[in-house]
Amino acid sequence: MTGHEAGKTDDPGAPPSAPATPSSILFVCGMNAIRSPMAECLARHMLPGKVYLASAGVKRGERDPFVDAVLAEEGLSLAERQPKELEELGDGYFDLVVTLTPLAHHTVLERMRGFSVDVEYWPMPDPTLVRGTREQILNAYRDVRERLKRRIAERFGIK
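This structure is a prediction, so every number in the text was calculated from the model and none was measured. Each residue is numbered by its place in its chain's sequence as written, counting from 1. The model is predicted, so local features are restricted to residues of pLDDT at least 70 and side-chain atom pairs to those at 80 or more, both for listing and for counting; the totals for chains, interfaces and linings are taken over all residues. Where side-chain values are given, they derive from all heavy atoms of the structure, hydrogens and water being excluded.

Moving on, we get to the sheet that holds strand 4 (residues 118-121). For two strands to count as paired, DSSP must find a minimum of two bridges between them. Counting from the N terminus, the helices are DSSP H or I runs at least four residues long and the strands are E runs at least two residues long. Pairing in this open sheet of 4 strands is parallel, and the strands run 2-1-3-4 from one edge to the other. Every interior strand has two partners, whereas the edge strands, strand 2 (52-57) and strand 4, have only one. Shown here is a sheet whose adjacent strand axes are inclined to one another by a mean of 20°, direction ignored. Should any heavy atoms of two residues lie within 4.5 Å, those residues are considered in contact. What counts as an axis is a line fitted to C-alpha atoms, over the stretch in contact for a helix, and the angles between N-to-C directions run from 0 to 180 degrees. Along the sheet face, helix 1 (residues 35-46) touches strand 1 (24-29) and strand 2 and points at about 170° away from the line of strand 2. Along the sheet, helix 3 (residues 102-111) makes contact with strand 1, strand 3 (96-99) and strand 4, crossing strand 4 at roughly 165°.

Next comes the structure, spelled out in structure tokens:
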């Protein structure tokens, strides 16, 4: 490995740099209704336009209006995007697959066995488990949004 590869520098006292940004990233959660489409939308906003981004679920769920609400607070939108199932992607090749739920992680590891792909697990809480007022529920979705923003920024060296 040379000093110019991800995480390495020519100066042994310098902190490691962020790994290189993959050219294609897939975010996967249980139903592609909350965490993975939110991650895809945020990454689309935060990462360079040349990165191919997609998201899917182990199963296809229904679009969640709370996701639209918390993304709109950031000036972002899923537009007409609808949830997709992992099977719909066929054998699409991704450099990095980020799983956001235990089910997604186990499913992806099983499906990607034998493929040369990096899989990272970024566990995210399920905001649908929160009960209470509309504001309390929105706060749970905001929490997921902010956690995803932090993880994307940290992982890809965005300041």
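Each residue carries a pLDDT score, the predictor's own confidence in it, on a scale running from 0 to 100. Per-chain confidence: the protein chain averages 88 in pLDDT, with 86% of residues scoring 70 or above. Across residues 1-15, where pLDDT falls below 50, the model places 15 contacts with residues more than four positions away in sequence or in other chains.

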